[in-house]
Amino acid sequence: MRTFGPASEVASPPAAWGIRRAVRMAFPEPAALAGDPVHAERLARYLADLLHPYGLSPDPSEHVGQSYGEMGEALIHAAVPAGESVDLLVLAYSIPDLTPGRATATYLSHVCPGTPMAFAVSDQGTASAFTALRLVDAYARSGGLRRALLLVVEQNSLPYDPGIPVTVPAESRGVALLFGEPLPGERPARVSAPAAEPAGAELLRNSDPSQPGTGVWWELAGELARPAAGPRRLLLADHDSGRLVTVDLDGEVPR
Amino acid sequence: MTALLAVADYLPPGRVPIEELAGDFGLTPMQVKVFRRYHRLGSVRRDPHGSLLDLLRGAVAGLDALPGREHRVRYVLHARTFPTVVPYPHNPVRELCRELGLDRATVFAVGHHACASGLLAIDVAGRLLAADADPGGLALVLAGEKAFTPEAGMVPGTSFFGEGASACLVAPAGDRDRVLSYAADLRGEFDTDAPEQALEFQRIYADALAAAVLAAVERAGLTVDAIGVILPHNVNSVAWHQVCRTLGYPRERVVLDNVATAGHVFCADNLVNYRTARQRGLLRPGEPYVMAAAGAGRGATFSAMVLQH
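Every value quoted in this text rests on a predicted model; they were computed, and no experiment measured them.

Caption draft 1: Structural detail: the overall build of chain A. Scanning chain A for helices and strands turns up five helices and ten strands. In summary, chain A has a C-alpha radius of gyration of 19 Å against a globular reference of 18 Å for 255 residues, a match within 12%. On the principal axes, the C-alpha backbone points of chain A span a range of 50 × 40 × 35 Å. Going through the 255 residues of chain A one by one, you find that 55% of them count as buried. Pairs at least 24 apart in sequence give 80% of the contacts found in chain A among residues at least 6 apart. Roughly 10,200 Å² of accessible area belongs to chain A as shown, and the carbon and sulfur atoms make up 51% of that amount. Between the mean site of the 20 positive side-chain charges and the mean site of the 29 negative ones, chain A shows a separation of 8 Å.

Structure, rendered in structure tokens:
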């Protein structure tokens with residue numbers, strides 16, 4: 001059971017709050033669930049009924065895809081250190097997975113140490129992860145968190161032609177960012193949301209437009225994993241929403 | 001402290017008796033009779049020619065507090081029972097925002113608590129507004145879905161979904177309907193098709209929902225005696241009677257008016273019932289009340305929120 005008091009205490013996040021660990025993973029194989037005939041039958045009905053009002057129909061040749069439950073579980077195991085627990089898990093995605101009716105974040109709470117409060121943010125294109133990051137900060141300010149886990153995921157299958165322009169990711173990928181106060185010896189990366197572009201920041205670009213959901217977060221996880229080379233300020237920008245995020249690195253984030 | 005500035009709802013006029021749904025869900029006449037006599041379900045709302053956009057538009061149309069404040073709306077959240085309700089990347093909520101001139105808002109869906117996602121969305125909206133430290137900021141929280149597939153038409157052995165929607169303007173501060181606390185118990189162990197877990201879910205349902213109510217009440221620094229009314233989810237009446245027995249709370253103070261006539265309106269139930277409570281004069285100034293819901297399907301979430309009118 002997770003309880004929350006009033007959302008009125010607009011305090012700063014805990015003093016040294018930041019990204020303690022960053023993990024990025026690719027998932028080249030379809031989900032184990034994709035081979036389950038019971039699941040396939042259920043998905044076929046769900047999709048047919050979902051598409052029918054739009055004059056669309058499922059692509060009969062496309063029944064693979066990934067499960068954000070399976071991807072998220074792997075990311076949790078890689079990102080959460082043994083013996084530590086998580087208080088908040090936010091799952092951010094844009095393209096649905098092969099379980100479009102499933103409360104995946106609730107499942108991930110069950111498999112994540114600490115049985116965190118967990119929910120999902122979606123339907124915002126590439127900005128979903130920016131909003132999820134904002135929520136991690138908002139709950140850190142007033143929700144009494146010790147650790148939070150942000151999972152940004154996208155998968156490479158859309159089993160229908162939606163009839164409007166869409167970018168289906170080339171690869172199923174996920175990024176996990178573990179936030180919290182540092183343990184001795186750690187120097188977390190500080191995250192902030194400036195109103196205007198700060199001077200001296202390095203713009204972190206998504207170098208791979210075929211990965212619209214995870215691209216810039218994938219790059220960030222890569223930067224965080226590199227050996228420290230002195231203080232750096234990275235700038236992440238979402239052009240659709242105008243959101244800016246800076247990440248200050250002045251030390252190594254352990255993996 | 002988060003406050004609800006205005007609440008509206010929309011229930012389409014079409015009513016379908018549950019007997020007419022029996023064929024869609026393969027129910028026997030005896031099963032339907034149990035739903036009607038034991039669970040106190042009667043009919044559900046349906047809008048056969050309308051879309052999700054129509055439902056949401058209907059709810060927002062009742063928000064008299066929105067016109068003139070569009071420029072203050074920073075966030076628009078759609079609370080989802082089912083995570084995917086339209087083909088990707090179609091987005092009726094964005095269409096609605098364009099119609100309403102909410103072009104400054106960050107628009108997204110929030111959920112994965114099934115039918116308890118409506119309470120989650122109110123808490124999320126309040127946290128975002130508080131973190132922004134902008135006293136003029138507002139969030140529009142929408143709920144409501146189409147019963148577009150059998151999975152979104154019926155909760156097996158428990159309830160039928162009804163179509164409808166709610167809309168709520170959330171403010172970072174205010175003097176009425178202030179959010180005092182929120183509790184959520186996420187039970188991902190029920191994310192399974194195993195029959196024994198389905199039985200276990202039925203066994204713990206009333207106790208778990210009562211525990212969420214108690215947790216929220218205690219977090220608000222109150223006792224159940226202080227709670228004027230409970231605004232439930234409309235799953236059925238008998239489930240709430242069991243919760244009341246566990247809580248020692250009078251069942252006549254749970255607003256179950258819409259169970260028999262509207263059905264379980266996805267995440268919108270609590271606010272649909274808020275409107276009913278207002279119309280019946282059940283919310284008294286200064287008195288705390290509870291909104292509570294259980295979300296079930298793949299996984300389960302039991303949630304409660306204490307507000308002060």
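Caption draft 2: A look at the packing of helix α2 (residues 68–79) of chain A against helix α3 (residues 104–111) of chain A. Residues and elements named next belong to chain A. Between α2 and α3, the shortest axis-to-axis distance is 10 Å and the interhelical angle comes to 30 degrees. As judged from the angle between their axes, α2 and α3 are roughly parallel. α2 and α3 meet at a crossing whose hand is right-handed. Where α2 approaches α3, its residues Tyr68, Gly69, Gly72, Glu73 and Ile76 are matched on the opposing element by Thr104, Tyr107, Leu108 and Val111.

Caption draft 3: Highlighting the nonpolar core. A:Phe119 and A:Trp217 are the most contacted members of the largest nonpolar core, which has 155 residues in total. Two domains each put at least three residues into this core: domain 1 (3–171) and domain 2 (178–308) of chain B. For A:Trp217, the residues in contact, after removing those within four places along its chain, are A:Ala129, A:Phe130, A:Leu133, A:Val152, A:Val175, A:Leu177 and A:Leu236. The next biggest cluster of nonpolar side chains, apart from the first, holds 46 residues, and it includes B:Val44, B:Ala183, B:Leu256 and B:Ala292.

Caption draft 4: Spotlight on the side chain of A:Ser128. Residues and elements named next belong to chain A. Positionally, Ser128 belongs in helix α4 (residues 128–142). By relative accessible area, which is 2% here, Ser128 ends up buried. A distance of 3.4 Å separates a polar side-chain atom of Ser128 from the backbone nitrogen of Gln124. In this view, Ser128 contacts Ala92, Tyr93, Val121, Ser122 and Asp123; residues no more than four positions away in its chain are not counted.

Caption draft 5: The arrangement of the interface of chain A and chain B in detail. Contacts between the two partners involve 57 residues from chain A and, on the opposite side, 58 residues from chain B. Taken over both partners, the interface formed by chain A and chain B buries close to 5,000 Å², and the fraction arising from carbon and sulfur atoms is 58%. Considering only the side of chain A, the residues that lose the most area to chain B are A:Met1, A:Tyr46 and A:Asp123, jointly responsible for 13% of the buried surface there. Taken together, the connections running from chain A to chain B amount to four salt bridges. In this structure, A:Arg42 and B:Asp193 form a salt bridge, with 3.3 Å as the shortest nitrogen-oxygen distance. At the boundary of chain A with chain B, the tally comes to 27 residue pairs in polar contact (both at pLDDT 80 or more).

Cut-off values and rules
- Residues numbered from 1 in each chain as written.
- Chains lettered and ligands numbered in written order.
- Predicted model: local features only at pLDDT ≥ 70, side-chain atom pairs only at ≥ 80, totals over all residues.
- Heavy atoms only, no water.
- Helix = DSSP H or I, 4+ residues; strand = E, 2+ residues; numbered from the N terminus.
- Rg over C-alpha atoms; globule rule 2.2 N^0.38 Å.
- Buried < 20%, exposed > 50% of the residue type's maximum accessible area, 1.4 Å probe, protein only.
- Contact = heavy atoms within 4.5 Å.
- Areas by Shrake-Rupley, 256 points an atom, 1.4 Å probe, with all protein chains shown as cover.
- Lys, Arg positive; Asp, Glu negative; His and termini not counted.
- Charge placed at Lys NZ, Arg CZ, Asp CG, Glu CD.
- Axes fitted to C-alpha atoms, helices over the stretch in contact; angles between N-to-C directions.
- Parallel < 35°, antiparallel > 145°, perpendicular 65-115°, else oblique.
- Left-handed = near helix turned anticlockwise from the far one by under 90°.
- Core = buried A, V, L, I, M, F, W, Y, C linked by side-chain atoms within 4.5 Å.
- Domains from an automatic or database assignment.
- Polar contact = N/O pair within 3.5 Å; in protein donor to acceptor, adjacent residues only side chain to side chain.
- Buried area = accessible area lost by both parts, 1.4 Å probe.
- Salt bridge = Lys/Arg side-chain N within 4 Å of Asp/Glu carboxyl O.

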